[in-house]
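Now for the letters of each chain:
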There are 2 protein chains.
Amino acid sequence: MSETLDATFAALADPTRRAILTMLLEDDMAVTDVADPFEMSLAAISKHLAILTRAGLISQEKRGRVKWCKLEPDALRAASVWMQGFGQFEPVNLDAFERFLEGELGSDTAT
Amino acid sequence: MSETLDATFAALADPTRRAILTMLLEDDMAVTDVADPFEMSLAAISKHLAILTRAGLISQEKRGRVKWCKLEPDALRAASVWMQGFGQFEPVNLDAFERFLEGELGSDTAT
DNA sequence: GCTTTCGTCAACCGTTCGGTTGAATATGAT
DNA sequence: ATCATATTCAACCGAACGGTTGACGAAAGC
C-alpha cells in the first residue's frame, strides 16, 4: 500500500508524465500519437508509459501492431484519499471548479 | 506551477517523508524529535526536511537552538486540485483547465 | 570557561532516473 | 517476399536521489 503511494506519487512527479495523463483525459491514444507532441525520442515516451502502467495510472492494450493507452483514473484514488487526510483545505474547491466547467461547456461546444 | 507540482509530488513519493508529514499532523516538532522514530541518521532526516520545506509542505522556524517543523497543508492544495481534475469526466477543455488551475493557485506560484 | 546538544554542511557511495542511440521484434501493407 | 510502421530492448550517459560519515557552528547548561 505504501508502495502503491510511492509509485503513484513518483509517477506524478514528472511533468511529461502528467502531460501524458492530461492528454489521455481526452481519449485513448496509441503510443506513437502520445509521443508526437514531445520533443523526445519514442523510446523515452515508451519508458514513461511503462512507469505510468506500473503505477496503474494507465493501461495498455495491444490491438494489431498498435498499443493503445487508456487512462485509469481510479488509481489516483489512493493518493487522493491520503492527501485528504491532511485536509485543512476544502476537499475540493468545487465552487470555482463548477463555475469553470459551466463556462467551458457553454462557450466551447466544438468537440 | 508545473515546478510546484513536480516538487510536491516528488516530495510525497518517499515513505519517510510521508511519515514525517503524518507525524506533524499531530503537532509541531523539533528536528531531533522528528528523527527519533526513524532508523536513519539525523543528517538524512535533515535532508528530508529540507526537501519538504522546498516543496512548501512544511515550514521551519528556529527558536534558540531548536528548529521547529510545522505542517503547511495548504501546499497540498495544488496537487489535490490537479488530481481532482481526473475525477470529473466531462470532456474538458484542458488549456482552459490549466488556466483555471493557475488562477486557483496563483498565490503560491514561485517566480 | 568548557561541554553538551541541536542541526547543518561537505564529501563520498551505490542506485535510480530521464534521456539518448541503434538494433531487434511484430504486425500490416503492397 | 519485401518493405514500412509501431514499439520495445539493450547499452550507455550524466544527473539526481537516499543514505552514510565526520567535521563544524551556534545556542544552552553546568
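Rules behind the numbers
- Residues numbered from 1 in each chain as written.
- Chains lettered and ligands numbered in written order.
- Predicted model: local features only at pLDDT ≥ 70, side-chain atom pairs only at ≥ 80, totals over all residues.
- Heavy atoms only, no water.
- Pairing = 2+ DSSP bridges.
- Helix = DSSP H or I, 4+ residues; strand = E, 2+ residues; numbered from the N terminus.
- Contact = heavy atoms within 4.5 Å.
- Axes fitted to C-alpha atoms, helices over the stretch in contact; angles between N-to-C directions.
- Phe/Tyr/Trp six-rings, centres within 6.5 Å; stacked < 30°, edge-to-face > 60°.
- Buried < 20%, exposed > 50% of the residue type's maximum accessible area, 1.4 Å probe, protein only.
- Arc of directions from axis to C-beta.
- Expected span 1.5 Å × (residues − 1).
- Near = heavy atom within 4 Å.
- Polar contact = N/O pair within 3.5 Å; in protein donor to acceptor, adjacent residues only side chain to side chain.

1. Focus: the sheet that holds strand S2 (residues 58–63) of chain A
Residue and element names in this part refer to chain A.
- The 3 strands lie next to each other as S1-S3-S2, forming an open sheet whose pairing is antiparallel. Both outer strands of the open sheet, strand S1 (29–30) and S2, are each paired with one neighbouring strand and no more.
- Relative to strand S3 (residues 66–71), S2 runs antiparallel, the two being bridged by 6 bridges. Each residue of the ladder has a partner; that of Lys62, found in S3, is Lys67.
- Relative to the sheet, helix H2 (residues 15–26) contacts S1, S2 and S3, its axis offset from that of S3 by approximately 90 degrees.
- In the packing of helix H4 (residues 42–54) onto the sheet, the strands contacted are S2 and S3, and the crossing angle to S2 comes to about 120 degrees.

2. What about the packing of aromatic side chains?
- Throughout the structure, instances matching the rule amount to 5 aromatic pairs over all chains.
- For the ring pair Trp82(A) and Phe86(A), a centre distance of 4.6 Å and an interplane angle of 50 degrees mean the geometry is tilted.
- Trp82(A) gets classed as buried once you look at its relative accessible area, which sits at 17%.
- A residue is classified by how much of its surface remains accessible, and Phe86(A), at 2% relative accessible area, is buried.
- Taken together, Phe9(A), Trp82(A), Phe86(A), Phe9(B), Trp82(B) and Phe86(B) form an aromatic cluster joined through their ring pairs.

3. Notes on helix H1 (residues 2–12) of chain B
- Restricting attention to buried positions, one finds in H1(B) the residues Thr4(B), Leu5(B), Thr8(B), Phe9(B), Ala11(B) and Leu12(B). Looking straight down H1(B), one finds that the buried residues subtend no more than 160 degrees of arc, so they occupy a single side.
- Where the residues of H1(B) are buried, they touch helix H1 (2–12), H2 and helix H5 (76–84) of chain A together with helix H2 (15–26), helix H4 (42–54) and helix H5 (76–84) of chain B.

4. Looking at the pairing of S3(A)
All names here are of chain A.
- As judged from the 2 bridges shared by S1 and S3, these two strands associate in the antiparallel manner. Considered in S3, the bridge of Met29 is made with Cys69.
- In sequence, S2 turns back onto S3 through a hairpin of 2 residues, with Gly64 there showing a positive phi of about 70 degrees.

5. What to know about H4(A)
All names here are of chain A.
- An ideal rise of 1.5 Å per residue puts 18 Å on 13 residues; H4 measures up with 18 Å between its terminal C-alpha atoms.
- Listing the buried residues of H4 in full gives Ile45, His48, Leu49 and Leu52. Axial view of H4: buried residues confined to an arc of 100 degrees, hence all on one face. Away from its buried face by more than 90 degrees, H4 exposes Lys47 and Arg54.
- Here the buried face of H4 lies against H1, H2, helix H3 (31–35), S2 and S3.

6. Considering the sheet that holds strand S3 (residues 66–71) of chain B
All names here are of chain B.
- The strand order S1-S3-S2 describes an open sheet built from 3 strands, whose pairing is antiparallel. Among the strands making up the open sheet, the edge pair consists of strand S1 (29–30) and strand S2 (58–63).
- In the packing of H2 onto the sheet, the strands contacted are S1, S2 and S3, and the crossing angle to S3 comes to about 90 degrees.
- H4 rests against S2 and S3 of the sheet, and its axis sits at about 120 degrees to S2.

7. Considering the protein's contact with DNA strand C
- Around DNA strand C lies a shell of 22 residues, among which Lys47(A), His48(A), Thr32(B), Ser46(B) and Lys67(B) are the nearest.
- The sugar-phosphate backbone supplies 68% of the atoms of DNA strand C found within 4 Å of the protein.
- Between DNA strand C and Arg17(A) there is a distance of 3.1 Å, counted from a phosphate oxygen to a side-chain nitrogen or oxygen.
- For DNA strand C, a sugar or linking oxygen lies 3.4 Å from a polar atom in the side chain of Arg65(A).

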